[in-house]
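# Structural overview
Letter by letter, the chains look like this.
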Amino acid sequence: MKKQAYITLKLFASLGKFTPDSADNYPVEPGTSVRDLIAGLKIPEEKAKLIFIDGVKGELDSTLNGGERIGIFPPVGGG
Amino acid sequence: MKLNDGIKDRIRALSNRKEFPDKTPYTGISVNDIINISGNFGISCREIEIASLEEEIIPERYVRNMKSFSATDQATLLKSRITIVGLGGLGGVVTEILARIGIGTLTLVDGDIFEESNLNRQYLCRENFISMPKADAAEKRIKEINSSVTVRKHSEYLNEENAEGIIGGSDTVIDCLDSLTGRFVLERASKKAGCRLVSAAVAGNYGHITTIFPEDPGLKLIYGDPENTQDKGAETSLGALSHCVSLVASLETSEAIKIILGKGSLLRNKLLVVDLESNAFETIQLL
């Protein structure tokens, strides 16, 4: 059985509707990429414009090992 | 600036010894006296205020700035030039604050006119201003607030052709636009003109803000490659709320003032993210 890890997930603005119930303690397999994470959440990849991991900009290919705080922002352009 | 001694004598003669709320003394001069000296000597109110500050005589309109700014700081603001691109939700609040704080020259850029859906959040929009050019309303508002501010008005949209000419010579440019493609046009022009740029965007209860110097990577860190960027973002589905727009616009002015005074920490290569739904404010490192 694979080891389970947990992250804190925050989906901003129009991505809020994809937030799972367990966002504060969301299970991931260690080594999961952000790309896999957002695919699992059914978030269209082009909407995940800005990814931050523990307060630092991340990428779709960034990997998660558990314990991280992930934030994902869609493009926002209103003024 | 060389003003004749007669003007400085007049400023001194009309000044008054007063006290701040904490009872420390200062010498002040009233708005009306500034306007009268300006009229008598044929010199702009802005120059009279700068001359007054050089004598440590504080124009009364700036007295409540003076525990945060020195007289030299206030004169620096009066000598500075800021360009505000977009005069809608963000731009209306930015215009109001910068006129009150005493930025000497404000260049206003927007080719749009007001419509009724602007009334929920755009401070410059009023019921009787529907169909009025936004740049006209902004100029009118500034003149009502602070006659020392020089206004340069452009009732046109910024584009690749006119951008450099409009923003050239600005100390700082503030991005108050409502499209992603427009923001990249402005960023390119700002970099080319060597101008520092403060950029913010909002959608519903959310917003973010950053500061970009000409040598910084800038917007691509937030939106990705400009070639693959759509024109509009989450605001299409979430709209824009007055309280969120106003907050983010205030943050833009705070950055611009710090840039001009060279004080405080800036959001260079950082993004301040605001989420009013869960009261989350976080500064993230873009690099």
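Counting from 1, residues in each chain are numbered in the order their sequence is written. In the order they appear in the text, chains get letters beginning with A and ligands get numbers beginning with 1. Whole-chain, interface and lining totals are the exception, using all residues; otherwise, since this is a predicted model, local features are given only for residues with pLDDT of at least 70 and side-chain atom pairs are given and counted only at 80 or more.

## Comments concerning the overall build of chain B
Helix and strand definitions follow DSSP, with helices as H or I runs of at least four residues and strands as E runs of at least two, each counted in order from the N terminus. Helix and strand counts for chain B come out as eleven helices and eleven strands. We compute the radius of gyration from the C-alpha atoms alone; for a globule the expected value is 2.2 Å times N to the 0.38, where N is the number of residues. For chain B, whose C-alpha radius of gyration is 20 Å, the value lies close to the compact-globule estimate of 19 Å for 287 residues. Taking the principal axes of its C-alpha atoms as reference, chain B extends roughly 60 × 40 × 35 Å. In chain B, buried positions account for 48% of the 287 residues. If you take every contact in chain B between residues at least 6 apart in sequence, the share linking residues at least 24 apart comes to 67%. Burial in this document is a count-based property: other C-beta atoms within 10 Å of a residue's C-beta are tallied, and the residue is buried at 20 or more, exposed at 12 or fewer, or partly exposed in between, with C-beta positions derived from the backbone. Here the contact rule is simple: place C-beta atoms from the backbone, and any two residues whose C-beta atoms are within 7 Å are in contact.

## What to know about the overall build of chain A
Counting its regular elements, chain A contains one helix and seven strands. Along chain A, helices and strands appear, N-terminal first, in the series β-β-β-α-β-β-β-β. For 79 residues, the compact-globule estimate of 2.2 N^0.38 gives 12 Å, and chain A sits close to it at 12 Å. In terms of principal-axis extent, the alpha carbons of chain A reach across some 50 × 25 × 20 Å. Residue burial in chain A is summarised as follows: out of 79 residues, 37% are buried.

## Some thoughts on the interface of chain B and chain A
Across the contact, 35 residues belong to chain B and 16 residues belong to chain A. Listed by contribution, the elements that provide at least two residues to the side of chain B that touches chain A are α5 (89–101), α8 (180–193), β8 (196–203), β9 (206–212), α9 (220–223), α10 (235–238), β10 (270–275) and β11 (280–285) of chain B. Residues that form the side of chain B that touches chain A fall into these classes: 17 nonpolar, twelve polar and six charged. Gly counts as polar in this scheme, as do all residues outside two lists: the nonpolar Ala, Val, Leu, Ile, Met, Phe, Trp, Tyr, Cys and Pro, and the charged Asp, Glu, Lys and Arg.

## Observations concerning the sheet that holds strand β3 (residues 57–59) of chain B
Residue and element names in this part refer to chain B. Strand pairing is assigned whenever DSSP detects at least two bridges linking the two strands. Pairing within the open sheet is mixed, and its three strands lie in the order β1-β2-β3. Since the sheet does not close on itself, it has two edges, and those belong to β1 (16–19) and β3, each with one partner. Put simply, the sheet's adjacent strands are angled 55° from each other on average, direction ignored. With four bridges connecting them, β1 and strand β2 (residues 25–29) associate as antiparallel partners. Bridge pairing links E19 to P25 in β2. A fitted line through C-alpha atoms serves as each axis, taken over the contacting stretch for helices, and the angle formed by two N-to-C directions is quoted from 0 to 180°.

## Notes on the nonpolar core
In plain words, the nonpolar core is the set of buried Ala, Val, Leu, Ile, Met, Phe, Trp, Tyr and Cys residues that C-beta atoms within 7 Å link up. B:I84 and B:V248 are the most contacted members of the largest nonpolar core, which has 100 residues in total. Element by element, the count of residues in this core is highest for helix α11 (residues 242–261) of chain B, at eight residues.

## What to know about the domain arrangement of chain B
Residue and element names in this part refer to chain B. These domain limits were set by an automatic method or by a database of domain assignments. In terms of domains, chain B is made up of domain 1 (5–68) and domain 2 (80–285). On a C-alpha basis, the centres of domain 1 and domain 2 stand 31 Å from each other. At the interface, seven residues of domain 1 touch seven residues of domain 2. Top contributing element to the side of domain 1 that touches domain 2 by residue count: helix α3 (residues 45–54), with three residues. Considering only residue class, the side of domain 1 that touches domain 2 consists of three nonpolar, one polar and three charged.

## So, the environment of B:V151
Residues and elements named next belong to chain B. By the element assignment, V151 lies in strand β6 (residues 150–154). Taking the number of C-beta atoms within 10 Å as the measure of exposure, V151 has 17 and is therefore partly exposed. Distance from V151 to S265, taken between C-alpha atoms, is 29 Å for residues 114 residues apart in sequence. Excluding anything up to four places from it in sequence, V151 contacts L106, L108, E139 and I142.

## Side note on the confidence of the model for chain B
Residue-level confidence of the predictor, termed pLDDT, takes values from 0 up to 100. With 99% of its residues at a pLDDT of at least 70, chain B reaches an overall mean of 96. Note on the complex model: pTM 0.96, ipTM 0.94.

## Regarding unusual backbone geometry
Residue and element names in this part refer to chain A. Of note, K42 is a non-glycine position whose phi angle comes to about 65°, a positive value. Phi is positive for D54, which is not a glycine, with a value near 50°. Mapped onto the fold, D54 is located in the loop between β4 (50–53) and β5 (56–58).

## Things to note about the packing of helix α1 (residues 5–14) of chain B against α3(B)
All names here are of chain B. It is the contact of α1 with α3, at a shortest axis distance of 10 Å, that shows an interaxial angle of 70°. The orientation of α1 relative to α3 falls into the category roughly perpendicular. Residues I7, K8 and I11 of α1 form the contact with α3, whose own contacting residues are I48, A51 and S52. Per-class residue counts for the contact of α1 with α3 are four nonpolar, one polar and one charged. Our angle categories are set so that under 35 degrees counts as roughly parallel, over 145 as roughly antiparallel, 65 to 115 as roughly perpendicular, and the remainder as oblique.

## Let's talk about the environment of B:Y206
With respect to the element layout, B:Y206 can be found in strand β9. According to the C-beta neighbour criterion, B:Y206 is buried, with 29 such atoms within 10 Å.

## Topic: the environment of B:G111
All names here are of chain B. With respect to the helices and strands, G111 occurs in the loop between β5 (105–109) and α6 (134–145). The exposure class assigned to G111 is partly exposed, which follows from the 14 C-beta atoms found within 10 Å. Sequence separation between G111 and I130 is 19 residues, and the spatial gap between their C-alpha atoms is 14 Å. Dropping the residues within four chain positions of it, G111 is found in contact with S155, E156 and Y157.

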